[in-house]
Amino acid sequence: MNLHPSTRFHPLARLLHWLMAVLILTMLFVGVSMVADLSPRHPWLVSLHKAIGLALLVLVVLRIATRLRYATPPLPSDLPRLQQWAAKASHLLLYGLMLGMPLIGWGMQSAGGYPLPWQLPAIAPHDLRLYALLRALHGWLAYLLFATVLVHIAAALVHGFVRRDGVLRSMWPGR
Amino acid sequence: MSTPLNGRARTLRLAVIGLGIAALGASFAYAAGWIGPQRLTPQRIIDTFEAQAGHYPGYRKNHAKGLCVSGYFDSSGQAASWSRARVFSQSRVPVIGRFAIGGANPFSADASVATRSLALQFSSDDGQRWRTGMNTPPVLAVSDAAGFYEQVLASTPDPATGKPDPAALQAFFARHPESAAFRQWARDYKPSDSFASSAFNSINAFRLVDAAGKVQYVRWSLQPHSDFAPLPAQVDDRNFLQHDLQQRLAKGPLRWTLRLTLAGADDPVDDPARPWPVTRQQVDAGTLVIDHVDAPEQGECRDLNFDPLILPDGIQASADPILAARSAAYAESFNRRSRETALGAHP
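Residues numbered from 1 in each chain as written. Chains lettered and ligands numbered in written order. Predicted model: local features only at pLDDT ≥ 70, side-chain atom pairs only at ≥ 80, totals over all residues.

Looking up chain B in an unreviewed UniProt entry gives the name Catalase-related peroxidase, with the organism given as Pseudomonas putida. Turning to chain B, the UniProt record has this under Function (unreviewed entry): "Has an organic peroxide-dependent peroxidase activity." (UniProt positions renumbered as here; feature names shortened; annotations may be inferred.)

Under the annotation held in an unreviewed UniProt entry, chain A carries the name Cytochrome b and is attributed to Pseudomonas qingdaonensis. For chain A, the Subcellular location (unreviewed entry) comment in UniProt is given as "Cell membrane". UniProt lists a comment for chain A under the heading Sequence similarities (unreviewed entry), and it reads "Belongs to the cytochrome b561 family."

Below, the structure written as structure tokens:
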């Protein structure tokens, strides 16, 4: 089916979406399991978490630039006002968390006095109280991010398989 | 574009989507350990320490009683052919550290605890950090985290005597024949009268990597330059070792030789319970000089996690499972005490 371009996200936006989707889900599972793990997997999971976190930080900056550069397809006009608002609010929340989580992780490692991987500079002073705050934020916002991702996936599936209104297709890979 | 679904087909599809989301949520809960079989976690180990010794907000959850120190490491250059880590070639490396006694009670009497520890951070001029936590025993009684947890449980103090039940300890050692070397050490161990005359051991093995990428497994120890004298039979000062350290450092710096023991081809490099033959080649990597001690619960060491997996390029972890478990448990201890500090606790 040859859709009008404005009904689909830009290919770069779709590529970034799916790449980050896989990485964010991986990241959430790695993060929540590594803190409760003391097996030989633990150090490996921590290294993986830091590497994916840094990759996601680079990707989200690219993604925000892509979002600002290319127009996004409009939501279906028959979508109730409340759902339109919920869609916009949840996307704003997702962007905020995608940008905030890696920065909080980086800041938290800095505040904890931990050496940073790849000789990255500290972005916060070594301060135990600040570390405690950022560590708590990192955990609670991870749960919020996971909950938002669940709602996002559920909404996408309802759009694609129940409402069948083209919203899922707008982000689907391929032509 | 297709039309929206209605009726049974709609209900069915909504149910399938709901189930899929619930399954994803459940797998997250499983990964977090909220559901499924009970696992040994860092949280459980720290909970057990606190259940046994008491809750002391703001303090480290093990080796709770200690003092921050600082000084430097003068490299001999002899280890540089085994490891490309800058600490082994830089002539003088700033060091901060912490002397402590074992146990989770920050108010224990110094002379009442057999295990002493020295944790160090070397800050080399290439910006890398090396943290190592060393203890007086050269080996552990156990080979893995499950064994360690069993040992902790077997050492639970009897409320009546304040000491572990000897029968429970005996049963534990009987179940863990790998503890033979540790028991031998404990029988022969004569505590010294000072941190200054104590030797400290890495216990776990590590990998040294040279400039060409060649790997050599090692353990390391700090051998004291101060002469040994036995701990007096009767010690009334609860802070005996701390006062001794302050008095000695008031007179001048204290020194230890950092000695690397090179593993032979068949030596166990992933088992902290098994010693290596005493004939193994040793390399004296340099001299640790400690010349300053801070007041209790002050100093640079206080807000650091001496995670033994914070290693510079040129030193890597071995597959020893205790090393990973230490790293995980230290992080949990650090998280808890920083949270307690943020909530107003003053160690």
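Trainee: Give me the lowdown on the overall build of chain B, citing residues and values where you can.
Mentor: Regarding its fold elements, chain B presents seven helices and ten strands. Referenced to the eigenvectors of the C-alpha coordinate spread, the extents of chain B come out at roughly 90 × 60 × 45 Å. The buried share of chain B, reckoned over its 347 residues, is 40%. (Helix = DSSP H or I, 4+ residues; strand = E, 2+ residues; numbered from the N terminus. Buried ≥ 20, exposed ≤ 12 C-beta atoms within 10 Å, placed from the backbone.)

Trainee: Which residues make up the environment of L222 of chain B, and what are the values?
Mentor: Residues and elements named next belong to chain B. Structurally, L222 is set in strand β7 (residues 215-224). In this structure L222 comes out as buried when scored by C-beta crowding, with 21 C-beta atoms within 10 Å. C-alpha of L222 to C-alpha of A199: the two residues are 23 residues apart in sequence and 5.5 Å apart in space.

Trainee: Now, about the UniProt feature "binding site: heme" (unreviewed entry) in chain B: what can you tell me, with residues and values included?
Mentor: Residue and element names in this part refer to chain B. The positions UniProt marks with the feature "binding site: heme" (unreviewed entry) are Y330. With respect to the helices and strands, Y330 occurs in helix α7 (residues 321-342). Looking at Y330, the number of C-beta atoms within 10 Å reads 25, which means it is buried. In this view, Y330 contacts N305, F306 and D307; residues no more than four positions away in its chain are not counted. (Contact = placed C-beta atoms within 7 Å.)

Trainee: Give a description of the interface of chain A and chain B that names residues and reports values.
Mentor: Between chain A and chain B, the residue contacts involve 35 residues of the former and 41 residues of the latter. Per-element accounting of the side of chain A that touches chain B gives the leading share, 16 residues, to helix α4 (residues 128-163) of chain A.

Trainee: Lay out the domain arrangement of chain B in plain terms, naming residues and giving numbers.
Mentor: Residue and element names in this part refer to chain B. With domains assigned, chain B is organised as domain 1 (66-141 + 185-334) and domain 2 (143-175). Computed from C-alpha coordinates alone, the two centres of domain 1 and domain 2 are separated by 26 Å. Tallied by class, residues from the side of domain 1 that touches domain 2 come to six nonpolar, no polar and one charged. (Domains from an automatic or database assignment. Nonpolar A, V, L, I, M, F, W, Y, C, P; charged D, E, K, R; others polar.)

Trainee: Requested: an account of helix α3 (residues 145-154) of chain B, with residues and values cited.
Mentor: Residues and elements named next belong to chain B. Within the span of α3, buried status applies to A145, G147 and F148. Angular distribution of buried residues about the axis of α3 spans 155 degrees; they occupy a single face of the element. Residues of α3 that are buried make contact with α7. (Arc of directions from axis to C-beta.)

Trainee: I'd like a description of the UniProt feature "domain: Catalase core" (unreviewed entry) in chain B, backed by residues and values.
Mentor: Within this numbering scheme, the UniProt entry marks residues 21-347 of chain B as carrying the feature "domain: Catalase core" (unreviewed entry). Between the C-alpha atoms that bound residues 21-347 of chain B there is a distance of 45 Å. The span itself is 27% helix and 23% strand.

Trainee: Could you give me a rundown of the confidence of the model for chain B, with the residues and numbers involved?
Mentor: Taken as a whole, chain B shows an average pLDDT of 96; of its residues, 99% reach a score of 70 or greater. For this predicted complex, the interface confidence comes out at an ipTM of 0.94, alongside a pTM of 0.95. (pLDDT = per-residue confidence, 0-100.)

Trainee: Go over unusual backbone geometry with me, naming the residues and quoting the values.
Mentor: Negative phi characterises most residues that are not glycine, and trans characterises most peptide bonds. Residues and elements named next belong to chain B. Of note in this structure, H63 is not a glycine but carries a positive phi near 50 degrees. Residue placement: H63 occurs in the loop between α2 (42-53) and β1 (65-75). C-beta crowding within 10 Å serves as the criterion here: with 25 such atoms nearby, H63 is assigned to the buried category. For E297, which is not glycine, the phi torsion reads 60 degrees and is therefore positive.

Trainee: Break down the UniProt feature "domain: Cytochrome b561 bacterial/Ni-hydrogenase" (unreviewed entry) in chain A for me, citing the residues and quoting the values.
Mentor: In this numbering, the UniProt entry assigns the feature "domain: Cytochrome b561 bacterial/Ni-hydrogenase" (unreviewed entry) to residues 8-174 of chain A. Secondary structure content for residues 8-174 of chain A is 75% helix and 0% strand, and the end C-alpha separation is 10 Å.

Trainee: Account for the pairing of strand β3 (residues 116-123) of chain B, naming residues and giving values.
Mentor: Residue and element names in this part refer to chain B. Taking burial as the measure, the eight residues of β3 include seven buried ones, the bulk of the element. Two strands pair when backbone bridges link them, and strand β2 (residues 92-101) and β3 are joined in this way by seven bridges, in the antiparallel orientation. Paired with V95 across the strands is F122, a residue of β3. Sheet analysis places β3 next to strand β4 (residues 129-135), joined by seven bridges and oriented antiparallel. (Pairing = 2+ DSSP bridges.)

Trainee: Can you break down the UniProt feature "transmembrane region" (unreviewed entry) in chain A residue by residue, with the values?
Mentor: Residues and elements named next belong to chain A. This chain's UniProt record puts "transmembrane region" (unreviewed entry) on residues 12-32, 44-65, 85-108 and 140-162. Split by type, residues 12-32 is 100% helix and 0% strand. Its first and last C-alpha atoms lie 30 Å apart. Segment residues 85-108 splits into 100% helix and 0% strand. End C-alpha atoms: 33 Å apart.

Trainee: Give me the pairing of strand β6 (residues 206-209) of chain B: which residues, what numbers.
Mentor: All names here are of chain B. In β6, alternate side chains face the same way, and those of F206 and L208 are buried while those of R207 and V209 on the opposite face are not. As paired strands, β6 and β7 are joined by four bridges and run antiparallel to one another. Looking across to β7, one finds that V209 is bridged to V215. Between β6 and the antiparallel strand that follows it, β7, lie five residues; G213 among them carries a positive phi value of about 90 degrees.

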